[in-house]
Amino acid sequence: MSEPPVRGVDVDSETRCAHYRTDRDVVAFKFACCERYYPCYRCHAETTDHDAVPWPRDRFDEPSVLCGVCETELAVPAYLEADYRCPSCDAPFNPGCSAHADRYFEANDAVE
């Protein structure tokens, strides 16, 4: 299967967007409301006509995080346990994404 499409504002080939463009901004998050990947919550807000719904806890075992470097899809626990690096290609992820975790994943004590 080809890579899941990543939607957003000015998205590059490694999922960086107009809002977050550092070397480490190479993840995209799937939102439960539309089952689509976006580089960030701002891209979702600017390119859809509905409110964002974070990925639900009862689906944390399903892939919902995409590495923009190697296109590996990760389940939430794998992403959270990866210490801000892709477990497949070792690309560094932005630790700042944790500040917005509640926008990507349904509230969970383990998400901080």
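Quick note: structure is the one above.
Quantities reported herein were computed from a predicted structural model and do not represent experimental measurements. (Residues numbered from 1 in each chain as written. Predicted model: local features only at pLDDT ≥ 70, side-chain atom pairs only at ≥ 80, totals over all residues. Heavy atoms only, no water.)

Novice: Can you walk me through the nonpolar core in this structure?
Specialist: Within soluble globular proteins, side chains that are nonpolar generally end up buried alongside one another. Membership of the largest hydrophobic core comes to 25 residues, with the highest contact counts inside it found for Val27, Phe29, Val65, Tyr79, Phe93, Tyr104 and Phe105. Listed by contribution, the elements that provide at least two residues to this core are strand S1 (27–31), helix H1 (41–47), strand S3 (63–67), helix H2 (76–81) and helix H3 (101–104). In terms of residues, this core owes the most to one element, S1, which gives three residues. Residues in contact with Tyr104, not counting those within four places in the same chain, are Phe29, Phe31, Pro39, Cys40, Tyr41, Pro54, Trp55 and Cys97. (Core = buried A, V, L, I, M, F, W, Y, C linked by side-chain atoms within 4.5 Å. Buried < 20%, exposed > 50% of the residue type's maximum accessible area, 1.4 Å probe, protein only. Helix = DSSP H or I, 4+ residues; strand = E, 2+ residues; numbered from the N terminus. Contact = heavy atoms within 4.5 Å.)

Novice: Honestly, the sheet that holds strand S4 (residues 73–75) in this entry has me stumped. Any pointers?
Specialist: Across the sheet, which stays open at both edges, the four strands sit in the order S2-S1-S3-S4 with antiparallel pairing between neighbours. A strand with exactly one partner marks an edge of an open sheet, and here the two such strands are strand S2 (36–38) and S4. Taken pair by pair, the neighbouring strands of this sheet meet at an average axis angle of 35°, ignoring direction. Where S1 lies against S3, three bridges are found, and the strand directions are antiparallel. What sits directly across from Val27, in S3, is Cys67. (Pairing = 2+ DSSP bridges. Axes fitted to C-alpha atoms, helices over the stretch in contact; angles between N-to-C directions.)

Novice: I would appreciate a short explanation of the pattern of salt bridges in the present structure.
Specialist: Summed over all chains, the structure comprises seven salt bridges. Between Arg21 and Asp10 there is a salt bridge whose closest N-O contact spans 4.0 Å. With Arg21 in the segment before S1 and Asp10 in the segment before S1, this residue pair connects regions lying eleven residues apart in the sequence. On the accessibility criterion, Asp10 (54% relative accessible area) is exposed. Of the charged contacts in the structure, one is a salt bridge between Arg16 and Asp12, with a shortest N-O distance of 3.2 Å. The buried category is assigned to Arg16, whose relative accessible area is 13%. (Salt bridge = Lys/Arg side-chain N within 4 Å of Asp/Glu carboxyl O.)

Novice: I'm lost on the side chain of Asp25 in this one. Help?
Specialist: With respect to the secondary-structure elements, Asp25 resides in the segment before S1. One buried charged residue, Asp25, forms no salt bridge at all, with the nearest opposite charge on Arg16 at 6.2 Å. Within the local environment of Asp25, its side chain forms a polar contact with the backbone nitrogen of Arg21, the two atoms lying 3.3 Å apart. Once residues lying within four places of it in the same chain are set aside, the contact partners of Asp25 are Glu14, Thr15, Arg16, Tyr20 and Asn94. (Lys, Arg positive; Asp, Glu negative; His and termini not counted. Polar contact = N/O pair within 3.5 Å; in protein donor to acceptor, adjacent residues only side chain to side chain.)

Novice: Just to check I follow, could you spell out the environment of Cys33 for this structure?
Specialist: Mapped onto the elements of the fold, Cys33 is located in the loop between S1 and S2. Ignoring sequence-local partners within four residues, the contact set of Cys33 consists of His44, His50, Asp51, Ala52 and Val53.

Novice: What is the right way to read the environment of Cys70 from this model?
Specialist: Looking at the secondary structure, you find Cys70 in the loop between S3 and S4. Residues Cys70 and Cys86, 16 residues apart in the sequence, show an inter-C-alpha distance of 8.6 Å. If near-sequence neighbours (up to four positions away) are discounted, Cys70 is found in contact with Cys86, Ser88 and Cys89.

Just geometry here; none of it tells us what the structure is for.
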